[in-house]
Amino acid sequence: MLRDTGYKPGEDRFMKIAIASGKGGTGKTTLSVNIAQALDSPVVLLDCDVEEPNSRLFLDPKLIGEEVVNTLIPKVDPDKCNGCGACGRFCQFNAIVTFGTKPLVFSEMCHGCGGCARLCPQGAITEVENRIGLISEFSSGNIRLFQGCIDVGVAMAPPLIRALKQKIPEDGLVILDAPPGTTCPVVATLGEVDYVVLVTEPTPFGLNDLTLAVDMVRELGLPFGVIVNRVGVGDDRVQRYCERENISVLLEIPNDRAVAEAYSRGESIVESVPGYKELFAGIMDSIMADYKGGHK
Amino acid sequence: MKIILTSTGRTLESEIDSRFGRAAMFILFDTESGDFEVIDNKQNLDAAQGAGIQAAQNVFNTGAKAVITGHCGPKAFAALSAAGIIVYCNATGTVQSMLEQYKNGDLKESQGADVEGHWV
């Protein structure tokens, strides 16, 4: 169990923690999975990296169920449409366009707002389901994993991520493994979380992308802290930046060959490398201390 | 009849822009009077997505009946076809030289997109 941080899973409130980064390959999934495994209490893990979900690879979990995710796209009844063009003038994404004739629908451009169907004066537009991906539920020890996986050729991840976040239970601890970067899928993941952990590496690339991620979470007004992974491969510029910007460094994880070897075999680090279970379990204490400390 | 040529510059001596949706300029040429007008496509050039569809709508709004360009993707081609606009792909060289080929009837009407969509 967690120590005296004031946090008790399932009690007065629940806590949603997102693991994000600017740069890819810094260790978001490794951290998400291992923090979850290091806890003795039940935890929900959401793999929000829907273009390349891979948390399950480290868990070898049991599949519980699957659910298709659809968005709604317009379908035009050509007998009712009089070609007035109101739908095309309304759509900001060119998903439905008219040329004084019946409209053309480009489903892959559609954000599913439903505006065209609502304002069509002829009532000629209905909304139909358009599959974008799949949510899978897995179980592994104390972890319930929900994974979003976007279909090949689908470009819009946020609706799938929002559907995945509907799986967040009403209480308990939730860890969200975010996609890399600072664009729409990440913002969709971070919406309404309580705390963001930004994982970086101590290199010029790590620092550059960390500053972008810090700008993003500050813009979103979310409390956050930094974990520096693979300390020893680069220099101390990330730590100096965090000190200058008054950002909490929650943990520095050493560049350890034993960790890299476990990772390359697809093994859990907390289970196969001695000493790491305590290290990862301690992250929750650091997060709670920073969160309760009112860090913004 | 009015036709559109995608252009990298503002004169008939400019090179054809090989892109349709993200062309720098559109030259709207009147084949009867020989006059032309330059339409800046900057807004579309910076669009995140849907540039081809938007460009097709812009072309439709000019009243042009044909487009001469380098390449045209599937969404732009579908939109131009729906608007009844003839597409001539594979244009290269200057706007003037393409106009001459058009007047001589040397251009071949495209039957479909000649490139893939830009995010597939």
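Higher on the page you've got the structure.
Counting from 1, residues in each chain are numbered in the order their sequence is written. Each chain takes a letter, starting from A, and each ligand takes a number, starting from 1, following the order in which they are written. Local features in this predicted model are restricted to residues of pLDDT 70 or higher, and side-chain atom pairs are both shown and tallied only at a pLDDT of 80 or more, whereas totals for entire chains, interfaces and linings draw on every residue.

### Notes on unusual backbone geometry
All names here are of chain A.
At step 1: Phi is positive for D60, which is not a glycine, with a value near 45°.
At step 2: Secondary-structure assignment places D60 in the loop between β2 (43-47) and β3 (62-76).
At step 3: Assessed through the 11 C-beta atoms surrounding it within 10 Å, D60 is described here as exposed.
At step 4: Even without a glycine there, the phi angle at E192 is positive, about 70°.
At step 5: Under the DSSP-based scheme used, a helix requires at least four consecutive residues in state H or I and a strand at least two consecutive residues in state E, with every element numbered from the N terminus. With respect to the helices and strands, the residue E192 is situated in the loop between α5 (184-190) and β9 (195-200).
At step 6: On the basis of neighbour count, E192 is assigned to the exposed category, with 11 C-beta atoms found within 10 Å. To sort residues by exposure, count the other C-beta atoms lying within 10 Å of each residue's C-beta; 20 or more gives buried, 12 or fewer gives exposed, and values between give partly exposed, all with C-beta atoms placed from the backbone.

### What to know about helix α3 (residues 74-82) of chain B
At step 1: Looking at α3 of chain B, one finds that the buried residues are K75, A76, F77, A79 and L80 of chain B.
At step 2: Contacts here follow a simple rule: the backbone-placed C-beta atoms of the two residues must lie within 7 Å. Next to the buried residues of α3 of chain B lie β4 (96-97) and β5 (104-105) of chain A together with α2 (51-62), β4 (66-68) and β5 (86-88) of chain B.
At step 3: Of the residues one or two after α3 of chain B, G84 of chain B is the one with positive phi, at around 75°.

### Re the packing of helix α1 (residues 28-38) of chain A against helix α10 (residues 276-292) of chain A
Residue and element names in this part refer to chain A.
At step 1: Axis definition: a line fit to C-alpha positions, over the contact stretch in the case of helices; interaxial angles, taken between N-to-C directions, run 0 to 180 degrees. Interaxial distance between α1 and α10 falls to 8 Å at its minimum, and their mutual angle equals 95°. Taken as axis vectors, α1 and α10 run roughly perpendicular relative to one another. Contacts from N34, I35 and A38 of α1 reach α10 at K277, F280, A281, I283 and M284. Throughout, the term roughly parallel applies to angles under 35 degrees, roughly antiparallel to angles over 145, roughly perpendicular to angles from 65 to 115, and oblique to all others.

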